[in-house]
Each structure stands twice: as structure tokens, then as C-alpha cells.
Amino acid sequence: MTTVAIDVNRYLHQKKPLWNTLAIAYTLVSYVGGIALLLLPNGWLNAVGVVFLTHSLLCSAYLAHDFMHSAIFESKAWNVAFGNLMLWLNGGCYARFEDLARLHIAHHVNRVDFCRFDLVTFLQGMPAPVRSLLLALEWLYFPALAFLLRLRSIIAPFWDEERKDERWRNTFTLLIRGGLFTLLVIVSPKALLLYFFAYIGMLTVLRFVDAFQHTYEVFPVGSEIPKRDRAHEQANTFSNVVSLRYRWLNLLLLNFGYHNAHHELMKCPWYSLPDLDRDLFNGDEVHYITLPALLGNYHRYRLSRLYSGQGHGVNDQGEHSLETFYGAIEVSFLVLPA
């Protein structure tokens, strides 16, 4: 890995409020406008609405990530306020923003991923018909496990004594969101179905991108974490950008693919990550793997990664080894492990 001295202040203190304003405004307008298009009788406009709604949900997720790092506003309070707004859009609001941020920052500091239970044991402990149904849905690209883990996180306060103080909060959140979706189905059942389709699209893209950004060890929350250094962090982190040649395409995911740069300076705002990446690296490092190159892996290992772990993206000779890069499953910064 190339080691380069960088001017940290250039990335931390030179804010670009116009870029942030455009990103936040686009996310909110696309969300509202997308739902409005779903309500229309024209099928083509419905399809456009699904595209805009899906993209707005994705942008809300990646903006929430930057708010967790306090990378948008100087004020922590404003980052928390807008972070909560983004979570309300993408459904991550059943966990407290501060808790999600704390766990995500721990992922950076400890250089590991976290879980609450062993996934393989959990799957094997399921009744056979339920497990078969879940695996069949995953084979069909329906993110059944993503919904299951989100459901566990939502109801966790009602059986986990450590989170019992969240019970009224989650009850209130369920009532509000449930009421809004009930209103939508009364106005247009078709619109609710298309909203669900857009949400599946968001989950699919999020889990695809998340799957190939690390080959970290996974530890239960609260367990003793071994010390890992910066070299370990960069060696087990990958920049799965949309495109290296047409860098503007990475704006579609708010530059989230520049993950090695992000882990080198986690408070660098999303709009400065391409510049930081160019300052840090030569551009030919082994950690660059474009998302199109990983489509085959996402398809091929969509079931086996549930049991085999993340695999390895680089072999002993320091070369790409995509045939052994299975990818992570459901490592999301929007969900508290439960």
C-alpha cells in the first residue's frame, strides 16, 4: 500500500455546503416525487417513480453514513438531526441514530465487523421448512435475510433487557410508520406494492456494495476485540467503485465505493473522497475492484456466502483472487445487530 502524507485540514475543514445542499435536496425531492409518481395511473411514470424512489432511499442511507461521521455539518446536533431524518426515509429509524453511529465508529476504530449471534448456527437452528423458504427467497434475489434481521432489530427492545428503554420509542415509531403506510395502501394499493419494490431495490444495492468492502473478522458485540493496525485495515478493505475510468458515475452512490480512502480519513466528506483517494494511492493498488467486476461473485455466492464467510479478495502473491472473494452478508450500518 502506498503511504502518502496528506493535508488533513484540506479535507476536514473545507466544507462545500452547495454540494451537501444539492445532495440532501435531491434525496428529499426524489423521495416525495417518487411516491407522487407511484400514485399516477401511467405505468411508465410509475416505473420512473420506482427508479427515483429507490435512488433516494440509497442516497438517504449514504448521507446517514456521513452524518454518523459528522462529516456534513460542523455542529454535531445538526448531523444528528439530519441523520435521523435520513433514517426515517430508509427505515433505519427503529434504532437510535447515536447507537448506530457508535457501532459504526467502533467498526472503524477496532477494524472488525460486529454481530449478535452466529449466522450459521442461527440458520441451522431454524425449522427445516422455514430455512428452505428463506434460502429459496435468497436464491431468487429476494433479500429475506435482510428483512429478517431488520425485524429482529425492531422487536429486540421487547425481549432484550439491555434495550428495554427503547420499547416506547419503537412502539411510537411503528405506529407512525404503520399509519403512513396504511394511508398509502388506502389511497393506492399499487403504490404501496411499488414502494415495497423500490425498498427491495435499496436493500439489494446496499448489501451488494457492503458485501465486498471488507474481509474483516466478525466478533459478537461486547466481546474482547484483538488489536488491529492500519496495515491490517487497509489490507482487508476494498474500494469497490462503480467505475475507475468514469469517476462521475461514483456520485450515484455518493462516492461510497472509495472505501480505502474513507477508512484512511473517516471524517472526509463524501464529495472529497475522490480527491483524497488520488492523493493517497497510485490508482493501480490491488484494493481497487469495480462493482461490475463483482456482479458475478454476488450471483455465484448468493447462498454459499451465508455459510462460508467472506473469503479472500487477494491471494498470497498479492494479486486479485475473485474466485475466493465470497463477500459479507448483512453488514449494514443501518441496523443494530440483535
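Quick caveat, the model's predicted, so the values are computed rather than measured.

Each value, and the rule that gives it
- Residues numbered from 1 in each chain as written.
- Predicted model: local features only at pLDDT ≥ 70, side-chain atom pairs only at ≥ 80, totals over all residues.
- Heavy atoms only, no water.
- Helix = DSSP H or I, 4+ residues; strand = E, 2+ residues; numbered from the N terminus.
- Rg over C-alpha atoms; globule rule 2.2 N^0.38 Å.
- Buried < 20%, exposed > 50% of the residue type's maximum accessible area, 1.4 Å probe, protein only.
- Contact = heavy atoms within 4.5 Å.
- Areas by Shrake-Rupley, 256 points an atom, 1.4 Å probe, with all protein chains shown as cover.
- Axes fitted to C-alpha atoms, helices over the stretch in contact; angles between N-to-C directions.
- Parallel < 35°, antiparallel > 145°, perpendicular 65-115°, else oblique.
- Left-handed = near helix turned anticlockwise from the far one by under 90°.
- Nonpolar A, V, L, I, M, F, W, Y, C, P; charged D, E, K, R; others polar.
- Salt bridge = Lys/Arg side-chain N within 4 Å of Asp/Glu carboxyl O.

1. A closer look at the overall build of the protein chain
The number of helices and strands found in the protein chain is 15 helices and two strands. The C-alpha atoms of the protein chain give a radius of gyration of 20 Å, which matches the 20 Å a tight globule of 338 residues would have. Projected onto its principal axes, the C-alpha positions of the protein chain cover 60 × 50 × 40 Å. Residues classed as buried in the protein chain amount to 49% of the 338 residues present. Considering only residue pairs separated by 6 or more positions, the protein chain has 70% of its internal contacts joining residues 24 or more positions apart. About 16200 Å² of surface is accessible on the protein chain, with carbon and sulfur atoms providing 66% of the total.

2. Examining the packing of helix α3 (residues 43–68) against helix α10 (residues 189–211)
Here α3 crosses α10 at 45°, and the two axes come no closer than 9 Å. By the angle class used here, α3 and α10 are oblique. For α3 against α10, the interelement crossing comes out right-handed. Residues N46, V50, L53, T54, L57, L58, A61 and Y62 of α3 form the contact with α10, whose participating residues are K190, L194, Y195, F197, A198, Y199, G201, M202, V205, L206 and V209. Classifying every residue of the contact of α3 with α10 by side-chain character gives 15 nonpolar, three polar and one charged.

3. Concerning the environment of P292
Counting through the fold element by element, P292 comes out in helix α14 (residues 291–300). Taking the relative accessible area as the measure of exposure, P292 reaches 48% and is therefore partly exposed. Expressed as a C-alpha distance, the spacing of P292 and G318, which sit 26 residues apart in the sequence, is 21 Å. Here P292 is in contact with V241 and V242, once residues within four sequence places are set aside.

4. With respect to the pattern of salt bridges
Scanning all chains against the criterion turns up 13 salt bridges. For E166, the salt bridge is made with R96, and the minimal N-O distance between the two is 3.7 Å. On the criterion of sequence distance, the pair formed by E166 in the loop between α8 (144–155) and α9 (167–187) and R96 in the loop between α4 (76–90) and α5 (97–110) is long-range, its members being 70 residues apart. A relative accessible area of 2% places E166 in the buried class. Take R96: its relative accessible area is 27%, and that puts it in the partly exposed class. Between E161 and R167 there is a salt bridge, with its nearest N and O atoms 3.2 Å apart. Taking the relative accessible area as the measure of exposure, E161 reaches 51% and is therefore exposed.

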